[in-house]
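Understanding the architecture of this molecule
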Amino acid sequence: MDRFPFSKREWKAVRTAAAAVAEASGPSQRAVRFDDLRAALGGLKDKYGDHPVLIEIEADFTAEPATAAKLYRAAELYAAANELPTLSIRLSLAKLLVEELDDPQEARAALIACRDELPDAAATDCEAWNGLLAECDRLAPAKS
């Protein structure tokens with residue numbers, strides 16, 4: 001599985017649909033725009049299969065935290081099985097687990113699982129990782 005097999009044109013359609021979801025002015029408009037995003041992602045899934053990037057994008061815009069967590073976990077499994085990076089997926093999952101699902105121990109596990117990717121990561125990702133781990137430790141100190 002390629003890390004990013006999508007053409008510029010294909011990805012532009014996803015970015016445009018995602019921006020429309022983000023800019024939606026109410027729940028009903030957001031639902032319609034989210035359906036448009038899912039349709040764009042679905043077309044790429046038909047062509048490329050269940051690529052982790054596509055699953056991650058759907059999770060990013062899924063309003064229900066438990067459903068988003070399931071999607072992030074699926075993206076994580078596909079990425080790991082195909083030896084693709086998991087850092088962005090696991091950072092998003094950890095943030096969701098801490099901020100929405102009150103599960104700092106599971107968030108810590110997601111963070112620890114991707115720490116080997118940090119040496120190659122952008123500084124902002126490293127800062128996010130450190131901040132989330134500190135929040136996990138504050139909410140549920142690690143057992144010695």
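Quick note: structure is the one above.
Analysis parameters
Per chain, residue numbering runs from 1 following the sequence as it is written. Predicted model: local features are reported for residues with pLDDT of at least 70 only, side-chain atom pairs are reported and counted for 80 or more only, and whole-chain, interface and lining totals are derived from all residues. Here the side-chain values reflect all heavy atoms present in the structure, with hydrogen atoms and water set aside. Only buried Ala, Val, Leu, Ile, Met, Phe, Trp, Tyr and Cys residues count toward a nonpolar core, and they belong to the same one when joined by side-chain atoms within 4.5 Å. Whether a residue is buried, partly exposed or exposed follows from its accessible area with a 1.4 Å probe, protein chains only, as a fraction of its type maximum: under 20%, in between, or over 50%, in that order. What counts as a helix is a DSSP run of H or I of at least four residues, what counts as a strand is a run of E of at least two, and both are numbered from the N terminus. Residue contacts follow a heavy-atom distance rule, with two residues in contact if any of their heavy atoms lie within 4.5 Å. Residues are called lining when one of their atoms sits within 4 Å of a cavity or pocket point, these points coming from a 1 Å grid over the protein atoms alone, where a cavity is a set in which a 1.4 Å probe fits but cannot get out and a pocket is an open set with protein on both sides within 12 Å along at least five of seven lines. Grid points are joined across faces, edges and corners, and a volume is the space filled by probe spheres set on the points. Take a side-chain nitrogen of Lys or Arg and a carboxyl oxygen of Asp or Glu: if they are within 4 Å of each other, that pair is a salt bridge. Put simply, two rings from Phe, Tyr or Trp (the six-membered ring, in Trp's case) pair if the centres are within 6.5 Å, and we call them stacked under 30 degrees between planes, edge-to-face over 60, tilted for the rest.

So, the nonpolar core
One finds Y72, L111 and W129 to be the most contacted residues of the largest nonpolar core, which totals 26 residues. For this core, the secondary-structure elements that each account for two or more residues are α3 (52-60), α4 (65-81), α5 (87-99), α6 (104-113) and α7 (123-139). Counting residues per element, this core draws most heavily on α5, at eight residues. When residues no more than four places from it in sequence are discounted, the contact partners of L111 are L91, A94, W129, L132, L133 and C136.

Things to note about the environment of A20
With respect to the helices and strands, the residue A20 is situated in helix α1 (residues 8-23). For A20, a relative accessible area of 23% corresponds to the partly exposed category. When the C-alpha positions of A20 and T124 are compared, they lie 25 Å apart, and in sequence the two are 104 residues distant.

Here's the deal with the layout of surface pockets
Over the atoms, a rolled probe matching the size of one water molecule traces out where space is still vacant. The volume enclosed by the largest pocket comes to roughly 400 Å³. In this structure, the largest pocket is lined by 18 residues; those nearest its centre are R3, P85, T86, L87 and S88. Breaking the lining of the largest pocket down by element, the ones donating at least two residues are α3 and α5. Counting residues per element, the lining of the largest pocket draws most heavily on α3, which supplies four residues.

Some details on the environment of E83
Counting through the fold element by element, E83 comes out in the loop between α4 and α5. Classification of E83 by relative accessible area gives exposed; the value is 75%. For the pair E83 and V32, spaced 51 residues apart in sequence, the C-alpha separation works out to 34 Å.

Points about α3
Along α3, eight of the nine residues are buried, which leaves the element largely enclosed by surrounding structure. Listing the buried residues of α3 in full gives P52, V53, L54, I55, E56, I57, E58 and A59. Buried residues along α3 sit in contact with α1, α2 (27-48), α4 and α5.

Considerations on the pattern of salt bridges
Enumeration over the complete set of coordinates arrives at seven salt bridges. Between R38 and E58 there is a salt bridge, and its shortest N-O distance comes to 3.2 Å. Here the residue R38 occupies a position in helix α2, and E58 occupies one in helix α3, the gap between them amounting to 20 residues. Overall, E58 belongs to the buried group, its relative accessible area being 9%. With a shortest N-O distance of 2.8 Å, D137 and R108 are connected by a salt bridge. One end of the pair, D137, is in helix α7; the other, R108, is in helix α6, with 29 residues separating them in the sequence. In this structure D137 comes out as partly exposed when scored by relative accessible area, which is 33%. The class of R108 is buried, set by a relative accessible area of 13%.

Section: the packing of aromatic side chains
In this structure the tally under the stated criterion is four aromatic pairs. When the ring of F4 is compared with that of F6, the centres are 5.0 Å apart and the planes differ by 90°; the resulting orientation is edge-to-face. Here the aromatic rings of F6 and W11 are separated by 5.3 Å at their centres, their planes lie at 20°, and the arrangement is stacked. An aromatic cluster of at least three residues, connected via ring pairs, comprises F4, F6, W11 and Y48.

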